[in-house]
Amino acid sequence: MTPLDLYTLAGVILFAAGIHAALARAHLVWKVLGLNVAGGGIFLVLLAASPRVDPAVADPVPQAMVLTGIVVAVAASALALGLALRVAVRTGQPFLPEDLPADLPEDLLEDLAGDAAADAAANGAGDAAGDAAG
Amino acid sequence: MTSGLDSIHWMTLVVLGPLVASMVALAGTPRTLRLGLALGVGSVLVGVGGLWLTFGGGDPVLRNPLGGWGAPLGIDLRLDGLALVMLTMTALVGAAISLYSTAYFGDISFLPLRDSPAGRGARFFAPLWLLLWSALNGIYLSGDLFNLYVLIEILGLGAAALVTLAVTPKATVAGMRYLLVSLVGSLAFLMGVALLYVVAGTLSLELLAEEGLQGPLPAAALALMTVGMAAKTALFPLHAWLPPAHAAAPAPGSAVLSALVVKGSFYIIVRLWVDVYGVGPGPAVFVLGLLGAGAILWGSILALRQRSLKRLVAYSTVAQLGYLFVMFPLLVSGDGGGWNVDAWTGGFYHALSHGVAKAAMFLAAGSMSYAVARDDLSAISGIAHRLPMTFLAFGLGGLSLAGIPPSGGFVAKWLLLRAALADGGWGWALLLTLGGLLTLAYVLMVLRYAIDRTDPPTTFRPVPRRMEWTAMGLALLSVLLGFRAVEITELLAGALP
């Protein structure tokens, strides 16, 4: 196993760990951090690919991809963190409703619910007016 | 590189035009908002027109290396019949949505407080939508995987922001969920791209196709990219994020998301499976088809159970996206192991007519809830008598979706059915028919509410004429698509490798 293989392997592990955190953790900041770790893992795989394609000279294409990828990741993280803050302010919880612990008060759950519970709540006039106001 | 000199300007124009227009609109004064929309619509229409004039003449694919730097280092734009058809559909639907939005957000010479839903919508809809338009056009024209990643990420970020224009907790949560799904999806895609680069040392779709990708690593890459894009296309069972997100956006935003944005990630899946990998018959295409079948049935059943108009239309999107994936098992059933042309043209004809019809339906639904300031089905009771043109637009769009002749939806379903029956695929044929009936059921359910006079709405806000006729224009277009099918199907068939 060469050092490059180690990089690739570490990259894949980081990617898996990050995606796992993004899916399994409830807290929104955890999710955003998980996505960043996963992104880092991909960058590691790309950098390890750089000398592999042509052993004599490092290939600049993967490095360019990593640079662009970092820019995209910064933009995505900024938007995600900003939205997470809004979620926390507007719902009082830094979680998505489906990730909430089950012992929260009933009315709060109904308020926040995205899918099934919103159908059951049958569109209180309040948020429908918000949807429609133009 | 033939005829590169002519077409490169048009290709650049349809991507850069809306991007520049988005920057103009971002300045946020009423004047720049109008200027931005005009600039975006104008540049795309001119660019697409130019592409129609330069396309054809023997060469089925136009390639343009930007700045003279070709693959593998540079950025290649490529145009084939499929890209041209998708660009055109997006341009027409986009122009109608842009017009609608100027009336929907009201008199934008006065921008109310920043955090009121109306104010934020009026202020940020145009720049976000123009950004999405640029990304979509770029996806259709892109010839390499990494550009696709960047563009799909722009598409995802812009789309999530569009959902949160309404400041309600519900919209914020829906937008957050959408953004997370979208980011996980595009990271999975990027990991696939990285693996492919390790294997093949190129990102160009055409060079990758020549590699004849085989073996476990390319297969893993395809799986990652497909799951990522399927999540962004809301393929069953990864669809749960779509209805709350699409329903929470302001009406023109819902139309953009449901009619256009989901097609971007679907288009990438098709490019990968058909152009790059050339995936033949086997369990993989069958699984995609089964998931599509699940989407058709489950999405339609849930649509029937909705009490909110916009959520009903959003669940209908989940169902209709299923047809696009049913295309895959039919596609590989051609003679002698080749592609089945009927499945291909039928699948994309469905993508086109769904784009047009769904935009018409969401715009019409938006006009209805605009009038009664509510969104539940019981509130639109009797609206057909107050807004006859909007009612008709919703109905025509819905009937086209259900595949009633003569309409674009009918041509699409008919081609898909022919593909299924040619191969003896009775199960698929039955599914297509059942899906059509379910669609008819939920469309008629809305129409029944709209005609019912027993409980007329208490409040009624007059709807600007422009909102009514833009929806009507799209609805008519979805019907007209049923009359001039030959040119479009020929273009589509020419794009099949």
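In case you missed it, the structure is sitting above this.
Analysis parameters
- Residues numbered from 1 in each chain as written.
- Chains lettered and ligands numbered in written order.
- Predicted model: local features only at pLDDT ≥ 70, side-chain atom pairs only at ≥ 80, totals over all residues.
- Heavy atoms only, no water.
- Helix = DSSP H or I, 4+ residues; strand = E, 2+ residues; numbered from the N terminus.
- Buried < 20%, exposed > 50% of the residue type's maximum accessible area, 1.4 Å probe, protein only.
- Lys, Arg positive; Asp, Glu negative; His and termini not counted.
- Charge placed at Lys NZ, Arg CZ, Asp CG, Glu CD.
- Areas by Shrake-Rupley, 256 points an atom, 1.4 Å probe, with all protein chains shown as cover.
- Salt bridge = Lys/Arg side-chain N within 4 Å of Asp/Glu carboxyl O.
- Core = buried A, V, L, I, M, F, W, Y, C linked by side-chain atoms within 4.5 Å.
- Contact = heavy atoms within 4.5 Å.
- Buried area = accessible area lost by both parts, 1.4 Å probe.
- Polar contact = N/O pair within 3.5 Å; in protein donor to acceptor, adjacent residues only side chain to side chain.
- Nonpolar A, V, L, I, M, F, W, Y, C, P; charged D, E, K, R; others polar.
- Axes fitted to C-alpha atoms, helices over the stretch in contact; angles between N-to-C directions.
- Parallel < 35°, antiparallel > 145°, perpendicular 65-115°, else oblique.
- Left-handed = near helix turned anticlockwise from the far one by under 90°.
- Expected span 1.5 Å × (residues − 1).
- Arc of directions from axis to C-beta.
- Pairing = 2+ DSSP bridges.

K.L.:
Before we move on, could you go through the overall build of chain B and cite the residues and values that matter?
P.N.:
Helix and strand counts for chain B stand at 19 helices and two strands. Each principal axis of the C-alpha distribution contributes one length, and for chain B these read about 65 × 55 × 40 Å. For chain B, the proportion of its 497 residues judged to be buried stands at 66%. Here chain B contributes 27 positive and 22 negative side-chain charges, whose respective centroids are spaced 15 Å apart.

K.L.:
A description of the overall build of chain A should follow, citing residues and the corresponding values.
P.N.:
If you tally the helices and strands in chain A, you get six helices and zero strands. Put simply, chain A runs from its N terminus to its C terminus through helices and strands in the order α-α-α-α-α-α. The proportion of buried residues among the 134 residues of chain A is 37%. Carbon and sulfur atoms make up 70% of the accessible area of chain A, which amounts to about 6700 Å² in all.

K.L.:
Please set out the pattern of salt bridges residue by residue, giving values where relevant.
P.N.:
All names here are of chain B. Enumeration over the complete set of coordinates arrives at nine salt bridges over all chains. R78 serves as the salt-bridge partner of D80, at 3.8 Å between the closest nitrogen and oxygen. Relative accessible area serves as the criterion here: at 9%, R78 is assigned to the buried category. E206 serves as the salt-bridge partner of R78, at 2.8 Å between the closest nitrogen and oxygen. With R78 in strand 2 (residues 76–79) and E206 in helix 7 (residues 205–211), this pair connects stretches of sequence that are 128 residues apart. Here the salt bridges share partners, and the residues they tie into one network are R63, R78, D80, E206, R271 and D275.

K.L.:
Just give me the short version of the nonpolar core, but keep the residues and values in it.
P.N.:
Counting 217 residues, the largest nonpolar core has L79(B), L145(B), F189(B), W344(B), F348(B), I380(B) and F394(B) as the members making the most contacts within it. Ignoring any residue separated from it by four or fewer positions in sequence, one finds L145(B) in contact with F189(B), V193(B), L196(B), L203(B), L205(B), L208(B), M225(B) and L272(B).

K.L.:
Any chance you could break down the interface of chain A and chain B for me, citing the residues and the numbers?
P.N.:
Counting from both sides, the interface comprises 52 residues of chain A and, opposite them, 50 residues of chain B. Regarding the contact of chain A and chain B, the summed buried area is about 4600 Å², with carbon and sulfur atoms giving 72% of it. In this assembly, chain A and chain B are joined by one salt bridge. Between R177(B) and E98(A) there is a salt bridge; the shortest N-O distance is 2.7 Å. Where chain A touches chain B, the interface holds three residue pairs in polar contact (both at pLDDT 80 or more). Per-element tally for the side of chain A that touches chain B: the top contributor is helix 3 (residues 60–91) of chain A, with 16 residues. Across the side of chain A that touches chain B, the residue classes break down as 34 nonpolar, eight polar and 10 charged.

K.L.:
Could you give an account of the packing of helix 3 (residues 81–104) of chain B against helix 10 (residues 251–276) of chain B, naming the residues involved and the relevant values?
P.N.:
Axis angle and axis distance: for two packed helices, these are the angle between their axes and the distance between the axes, and together they describe the pair. Residues and elements named next belong to chain B. Where helix 3 contacts helix 10, the two axes come as close as 9 Å, and the packing angle between them is 165°. In terms of orientation, helix 3 lies roughly antiparallel with respect to helix 10. The interaxial crossing formed by helix 3 with helix 10 has left-handed handedness. Residues L82, A83, M86, M89, T90, V93, I97, Y100, S101 and Y104 of helix 3 pack against A251, P252, A255, V256, A259, L260, K263, Y267 and R271 of helix 10. Of the residues contributing to the contact of helix 3 with helix 10, the split by class is 15 nonpolar, two polar and two charged.

K.L.:
Account for helix 1 (residues 3–24) of chain A, with residues named and values stated.
P.N.:
Residue and element names in this part refer to chain A. With 22 residues, helix 1 extends 31 Å from end C-alpha to end C-alpha; this agrees with the ideal 32 Å at 1.5 Å per step. T8, G11, F15, G18, I19, A21 and A22 are the residues of helix 1 that are buried. End-on view of helix 1: buried residues confined to an arc of 155°, all on one side of the axis. Facing away from the buried side of helix 1 by more than 90 degrees, the exposed set consists of P3, I13, H20 and A24.

K.L.:
Let's hear about the pairing of strand 2 of chain B: which residues, and what values?
P.N.:
Residues and elements named next belong to chain B. Here strand 2 shows no split at all, with D76 and R78 on one side and L77 and L79 on the other all buried. Examined bridge by bridge, strand 1 (residues 62–65) and strand 2 share four bridges and lie antiparallel to one another. When the sheet's bridge partners are listed, L62 is paired in strand 2 with L79.

K.L.:
Kindly report on the packing of helix 3 of chain A against helix 6 (residues 169–200) of chain B, identifying the contributing residues and their values.
P.N.:
At their nearest, the axes of helix 3 of chain A and helix 6 of chain B sit 9 Å apart, and the two run at 165° to each other. The orientation of helix 3 of chain A relative to helix 6 of chain B falls into the category roughly antiparallel. Viewed along their axes, helix 3 of chain A and helix 6 of chain B form a crossing whose handedness is left-handed. For the pair helix 3 of chain A and helix 6 of chain B, the contacting residues are V61(A), P62(A), M65(A), A76(A), L79(A), A80(A), L83(A), A84(A), R86(A), V87(A), R90(A) and T91(A) in the first and P169(B), T172(B), V173(B), G175(B), M176(B), L179(B), L183(B) and Y197(B) in the second. Counted by class, the contact of helix 3 of chain A with helix 6 of chain B contains 15 nonpolar, three polar and two charged residues.

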